[in-house]
Each structure stands twice: as structure tokens, then as C-alpha cells.
Amino acid sequence: MIDVVNRSVRAIPNWVLYVVGAVPVIWLYALGFQNALGADPVDAIERNLGLWALWLLIAGLCITPIQRLTPLRLIKLRRPIGVVAFFYVLVHFLTWLVLDVQIPSQIVADIIKRPYVTVGMVALLFLLPLAVTSNNWSIRKLGARWRTVHKLVYPAVLLAGLHMVMQAKGFQLEPLVYLAAIAFLLAMRWMPLSSFRQVFVKR
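This report concerns the structure included in the present document.

**Observations regarding the overall build of the protein**
So, step 1. Scanning the protein from N- to C-terminus turns up 11 helices and 0 strands.
So, step 2. In sequence order, the protein lays out its α and β elements as α-α-α-α-α-α-α-α-α-α-α.
So, step 3. Whereas a compact globule of 203 residues would reach a radius of gyration of roughly 17 Å, the protein reaches 18 Å, a difference of no more than 12%.
So, step 4. For the C-alpha atoms alone, the extent of the protein along its principal axes is close to 50 × 35 × 35 Å.
So, step 5. For the protein, with 203 residues in total, the buried portion stands at 35%.
So, step 6. For the protein, restricting intrachain contacts to residue pairs at least 6 apart in sequence, the fraction spanning at least 24 positions comes to 66%.
So, step 7. Put simply, the protein shows about 12,200 Å² of open surface, and 69% of that area lies on carbon and sulfur atoms.
So, step 8. Taking the average place of the 20 positive charges on the side chains of the protein and the average place of its 7 negative ones, the gap between the two points comes to 22 Å.

This is the structure in C-alpha cells:
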């Protein structure tokens, strides 16, 4: 069964993953234009795009632990997931920029004065070089430096989780769960593999 899953994953063309990944964005905007997202459709689109972006970033972090702890080989999915995650982050940002704030002076003021906006902008800037270099040409050109550049995903995802926690109104458990999951997945990269096997495999 595992072999079938691994072969199926390898057989999926990347373009299919990109097309499927774009569907929720199109669907959200379609609902917004039909006034089906409540009293504030722009806010609903922003929030949902941000949530999808965070889900995808967390999914990308899950691939390495899955490789280490199971026979599943999902490494092929990591680049498409990362690219689609950046797409969601970018559309989330552009929705805020163009449809929400709109006024240039207010945009600058929000970035400077609102900590959650500042944190979100830094996360976006960390993700930008990853998106630009997520291609075979960049891998060949950068060589060993490519892996160093792509370690920026770690602070970027952590900041994305923090961004969601900071913008939550009042106490909300869901953003804290996402932030805890991100911290745990990052910790798995530096803790001995045997520690996690004892927890997840031997029980």
C-alpha cells in the first residue's frame, strides 16, 4: 500500500498540484463577488487566504518528519506546496493592500505601527527568496547555498504563526494550536530521531 502511494505521488505532474492549489483562491473571490461571505467579504477573503497559507506552510514542514518516521516518500510535494503557500501569502497581502487599506500612507503607517502587520511583512520578505529560487535553474546555480537560502522557511513559518496569534481578537485557541504545531515541527529538525521514534513508533 505504501509503495502504491509513493508511486502515485511521484506520478503526479507538478502543474496539476499548482492548478488544484489555486482553486480555493478562485472560489473565495467568486463567493466574495456574489456577496456570499457575509457583511465584510474583503475581511473574510483575507482571513481565509491567510489560513490557507498557514495550513500549506505547516504541511510543508510536515514532509521531513514524515520522511524520517515513516516509509512514505512525499518529498516531491514539498516544492509545489511551498510555491502554492507563497501564492496564498502573496494574494493575502495583495488583498489587504489593494482591497482593504488602499491608501498608500495608511499602508506604510500600518506596517510601522501595527506589530502583527510588521511581523506578517517580515514573514513575506523571508518567503520571497524561497519562491524566486524554487526552480531547477536556481538549484544548479546556487549549489550548496540553495539549502541555506531555503532554511529561511523556518523563521518565516514561525513568524506566520505569530502573525495569526497577534491579530486574533481576544483569546482564541486555534492560532495558539497552529503556533505550537509549528514550534514542535521545527524542534523535530534538531532533536535526535530516536526521541521521536520512542514516542510515535513504540507506543
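**Some remarks on the packing of aromatic side chains**
So, step 1. Scanning all chains against the criterion turns up 5 aromatic pairs.
So, step 2. Chaining the aromatic ring pairs together yields one cluster made of Trp52, Trp55, Phe87 and Tyr88.

**As for the layout of surface pockets**
So, step 1. Considering only enclosed or pocket space, the largest pocket measures out at about 1,000 Å³ in volume.
So, step 2. Around the largest pocket sit 35 residues that line it, and Glu46, Arg47, His92, His163 and Gln167 are the ones nearest its centre.
So, step 3. If you list the elements that add at least two residues to the lining of the largest pocket, you get helix H3 (41-69), helix H4 (78-101), helix H6 (115-132), helix H9 (153-167) and helix H10 (173-187).
So, step 4. For the lining of the largest pocket, a count of residues per class yields 19 nonpolar, 7 polar and 9 charged.
So, step 5. When its volume is computed, the second largest pocket comes out at roughly 680 Å³.
So, step 6. Arg78, Leu130, Trp146, His150 and Val153 are the residues nearest the centre of the second largest pocket, which is lined by 24 residues in total.
So, step 7. At the level of secondary structure, the elements contributing two or more residues to the lining of the second largest pocket comprise H3, H4, H6, helix H8 (145-150) and H9.
So, step 8. Considering every element that reaches the lining of the second largest pocket, the biggest residue donor is H4, with 6 residues.
So, step 9. Tallied by class, the residues present in the lining of the second largest pocket amount to 14 nonpolar, 5 polar and 5 charged.

**A short note on the nonpolar core**
So, step 1. Counting 44 residues, the largest nonpolar core has Leu49, Leu54, Tyr88, Leu127 and Ile182 as its most contacted members.
So, step 2. Taken together, the elements giving at least two residues each to this core come down to helix H2 (14-33), H3, H4, H6, H9 and H10.
So, step 3. With residues up to four places along the chain from it excluded, the contact list for Leu54 reads Ala160, Gly161, Met164, Tyr178 and Ile182.

Rules and cut-offs
- Residues numbered from 1 in each chain as written.
- Predicted model: local features only at pLDDT ≥ 70, side-chain atom pairs only at ≥ 80, totals over all residues.
- Heavy atoms only, no water.
- Helix = DSSP H or I, 4+ residues; strand = E, 2+ residues; numbered from the N terminus.
- Rg over C-alpha atoms; globule rule 2.2 N^0.38 Å.
- Buried < 20%, exposed > 50% of the residue type's maximum accessible area, 1.4 Å probe, protein only.
- Contact = heavy atoms within 4.5 Å.
- Areas by Shrake-Rupley, 256 points an atom, 1.4 Å probe, with all protein chains shown as cover.
- Lys, Arg positive; Asp, Glu negative; His and termini not counted.
- Charge placed at Lys NZ, Arg CZ, Asp CG, Glu CD.
- Phe/Tyr/Trp six-rings, centres within 6.5 Å; stacked < 30°, edge-to-face > 60°.
- 1 Å grid on protein atoms, 1.4 Å probe; cavity = no way out; pocket = protein on both sides within 12 Å on 5 of 7 lines; lining within 4 Å.
- Points joined across faces, edges and corners; volume = space filled by probe spheres on them.
- Nonpolar A, V, L, I, M, F, W, Y, C, P; charged D, E, K, R; others polar.
- Core = buried A, V, L, I, M, F, W, Y, C linked by side-chain atoms within 4.5 Å.

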